[in-house]
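What follows is each chain in one-letter form.
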Amino acid sequence: MTLTLQEISDRLEIQDIYARYVHSVDDRELAVLEDIFEPETVFDWTASGGERMTWADAREGDFLAGRLFPYIFHICVDVRIDFDRDDQGATVKSKTIHPTGVSGAGGEPVLFQVHGAYLDRLARRTEGWRITERVWQDFWAVGGLHRVDGIPAMLAAAAKE
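Before going into details, it helps to say that this report is about the structure given with it. Just so it is clear, the structure is predicted and the values come from calculations on it, not from any experiment.

This next bit is on the pairing of strand β1 (residues 37-44). Bridge count for β1 against strand β7 (residues 128-146) is four bridges, and the pairing is parallel. Bridging from a neighbouring strand, valine 42 pairs with glutamate 133 of β7.

Right, here's the structure in full:
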């Protein structure tokens, strides 16, 4: 498959959106997301028990602000991009793992690892590609994990099991 220069450029720009997204959310730099989502972008987190809302609502919500999960880390990989025939839109699916966590009864982190996929619709705008719809597809989560400091602590914890 031979790609045109425009398709290479579009693919790199879309890949960059996902990199900027995960770093911005994890670093709590939500202003960066204004260049990724439009105010009317629809988020559908109902597969995991969340809500359906617009970006205007999501940016004010507990999830992105870190109030729901104070510990969060995203990894988006295997980004599959399928362009519309007119090259003005695309459907993008990315496998996503995001370790996340809450504070336990004693204040210690209780960690979970969430596995799923983002199924997104993107549109080409004058200022670049923007996500216009995001649907979370829940695969599974594992949890009740506790934080350890470094490889020696990991090996010691494993020896106790």
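Our focus in this paragraph is the environment of aspartate 78. Looking at the secondary structure, you find aspartate 78 in strand β4 (residues 75-83). What aspartate 78 contacts, discounting residues up to four positions off in sequence, is Lys93, Ser94 and Lys95.

Taken together, the side chains of Met1, Leu3, Leu5, Ile8 and Leu12 make up a nonpolar region of the molecular surface, amounting to roughly 590 Å² of accessible area. Examined against the element boundaries, methionine 1 turns out to sit in the segment before α1 (5-26). Judged by its relative accessible area of 86%, methionine 1 is exposed.

Secondary-structure assignment places arginine 134 in strand β7. Setting aside its immediate chain neighbours within four residues, arginine 134 contacts Tyr18, Tyr21, Phe37, Val42, Phe43, Asp44, Tyr118, Leu119 and Asp120.

Along the polypeptide, threonine 96 turns up in strand β5 (residues 89-103). Judged by relative accessible area, threonine 96 falls into the buried class, the value being 1%. Not counting residues within four places of it along the chain, the set of residues in contact with threonine 96 comprises His74, Ile75, Cys76, Val114, His115, Gly116, Ala117, Tyr118 and Trp136.

The rules behind the values
Residues numbered from 1 in each chain as written. Predicted model: local features only at pLDDT ≥ 70, side-chain atom pairs only at ≥ 80, totals over all residues. Heavy atoms only, no water. Pairing = 2+ DSSP bridges. Helix = DSSP H or I, 4+ residues; strand = E, 2+ residues; numbered from the N terminus. Contact = heavy atoms within 4.5 Å. Patch = residues over 30% accessible without salt bridge, like charges linked within 9 Å, V, L, I, M, F, W, Y side chains within 5 Å. Areas by Shrake-Rupley, 256 points an atom, 1.4 Å probe, with all protein chains shown as cover. Salt bridge = Lys/Arg side-chain N within 4 Å of Asp/Glu carboxyl O. Buried < 20%, exposed > 50% of the residue type's maximum accessible area, 1.4 Å probe, protein only.

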